[in-house]
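# Working through the structure, step by step
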Amino acid sequence: MTGPLSVEDPLLRPVPFLSSVMQVEPQWIDYNGHLNMAYYNVMFDRAIDELWFKLGIGPAYMRERHGSTFTAECHVRYLREIHQGDPVQIAIVVVAADEKRLHTFEEMRHASEGWLSATSENMTIHIDMKARKVAPFPPDIRARIQAVADAHAAIPRPDGLGRKVGMPTRTA
C-alpha cells in the first residue's frame, strides 16, 4: 500500500483515524482490578499498527523496503479506569510530520459508552533498518503521511496535546 491516497480515501477526511474495537483481556488486569498501565501501551500500539498499515509502513514495508518506525517519546495520561471485557476504540490524530518524524495523539475511549479513558502523545521516528539509524521516509511514503497530516490539521487540537508532567504550583 504505497501508492498515493485517493481523494475518496477515509484517511484524508478531517477526522481522527479510528482503530478497530479491541477487548481488554483478562491477563491484563492488575491487582487493583483494572487495566495495568503497561497494557494501555499495548492497546495504543495495536491501534498505531493499524494506521501504519494504512499508510504503507507496516510489516511488509519493513520486509520489502527495510524501513520501520521506533517510538522516541511517549506521554500517557490515565484518566478513567478501564476493566476486563470493556470494549475499547482508539482515535489517532497525526498532529505533525516531517521527513523523519511523526507526532501523533491518541485517545482511548470506551467503545460503547464513549468516555475517555486515556491519552497517549507520541513522537515516532523513521528508521533505516539496514543501518539502524534515523533516516528520511521515502518520497511516496512521505507524501502519504503528509496528506494525512494535512487532513488532520483541520481537526481541533485534542485536549492535553503538548502537556508535560509536573506538580501543580500552589498559591498561598
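Above this note sits the structure.
Residues numbered from 1 in each chain as written. Predicted model: local features only at pLDDT ≥ 70, side-chain atom pairs only at ≥ 80, totals over all residues. Heavy atoms only, no water.

### Quick word on the packing of aromatic side chains
Aromatic ring pairs are defined here through the distance separating the ring centres and the angle between the ring planes. Counting across every chain of the model gives 2 aromatic pairs. Judged by centre distance (5.2 Å) and plane angle (10 degrees), the rings of tryptophan 28 and tyrosine 39 are stacked. With a gap of 11 residues between them, tryptophan 28 in the loop between strand E2 (22-23) and helix H1 (37-55) and tyrosine 39 in helix H1 connect regions that are remote in the sequence. Residue classification places tryptophan 28 among the buried residues on the basis of a relative accessible area of 4%. The exposure class of tyrosine 39 is partly exposed, given its relative accessible area of 28%. (Phe/Tyr/Trp six-rings, centres within 6.5 Å; stacked < 30°, edge-to-face > 60°. Helix = DSSP H or I, 4+ residues; strand = E, 2+ residues; numbered from the N terminus. Buried < 20%, exposed > 50% of the residue type's maximum accessible area, 1.4 Å probe, protein only.)

### Here's the deal with the side chain of aspartate 86
By secondary structure assignment, the location of aspartate 86 is in the loop between strand E3 (67-78) and strand E4 (87-97). Buried charge without a partner: aspartate 86 forms no salt bridge, and the closest opposite charge is arginine 80, 8.1 Å away. A polar atom in the side chain of aspartate 86 sits 2.8 Å from the backbone nitrogen of histidine 83. If we ignore the near neighbours within four places in the chain, the residues touching aspartate 86 are Met22, Gln23, Val24 and His110. (Lys, Arg positive; Asp, Glu negative; His and termini not counted. Salt bridge = Lys/Arg side-chain N within 4 Å of Asp/Glu carboxyl O. Polar contact = N/O pair within 3.5 Å; in protein donor to acceptor, adjacent residues only side chain to side chain. Contact = heavy atoms within 4.5 Å.)

### Some words on the pattern of salt bridges
Tallying each qualifying case throughout the model produces 4 salt bridges. The closest approach of N and O atoms between arginine 46 and glutamate 25, which form a salt bridge, is 3.5 Å. Here glutamate 25 lies in the loop between E2 and H1 and arginine 46 lies in helix H1, a separation of 21 residues in the sequence. Residue classification places arginine 46 among the partly exposed residues on the basis of a relative accessible area of 39%. A residue is classified by how much of its surface remains accessible, and glutamate 25, at 25% relative accessible area, is partly exposed. Close ionic contact of arginine 101 with aspartate 98 constitutes a salt bridge, the shortest N to O distance being 2.4 Å.

### Description of helix H3 (residues 139-152)
For H3, which comprises 14 residues, the first-to-last C-alpha distance of 20 Å matches the rise-based estimate of 20 Å (1.5 Å per residue) to within 8%. Within H3, burial applies to Ile141, Arg144, Ile145, Val148, Ala149, Ala151 and His152. Projected down its long axis, H3 carries its buried residues within an arc of 165 degrees, all on one side. Looking at the buried side of H3, the elements it contacts are strand E1 (17-18), H1, helix H2 (59-65), E4 and strand E5 (101-110). (Expected span 1.5 Å × (residues − 1). Arc of directions from axis to C-beta.)

### Considerations on the pairing of E5
Taken across its 10 residues, E5 has 8 buried, putting it largely inside the fold. Inspection of the sheet shows E4 paired to E5 by 9 bridges, in the antiparallel sense. Bridged to valine 93 within E5 is phenylalanine 105. If you look at the hairpin formed by E4 and E5, you'll find 3 residues sitting between the two strands. Sheet analysis places E5 next to strand E6 (residues 116-128), joined by 9 bridges and oriented antiparallel. The residue bridging glutamate 107 from the neighbouring strand is threonine 119, located in E6. Where E5 folds back on E6, the antiparallel hairpin that results is connected by 5 residues, among which glycine 114 adopts a positive phi of roughly 85 degrees. (Pairing = 2+ DSSP bridges.)

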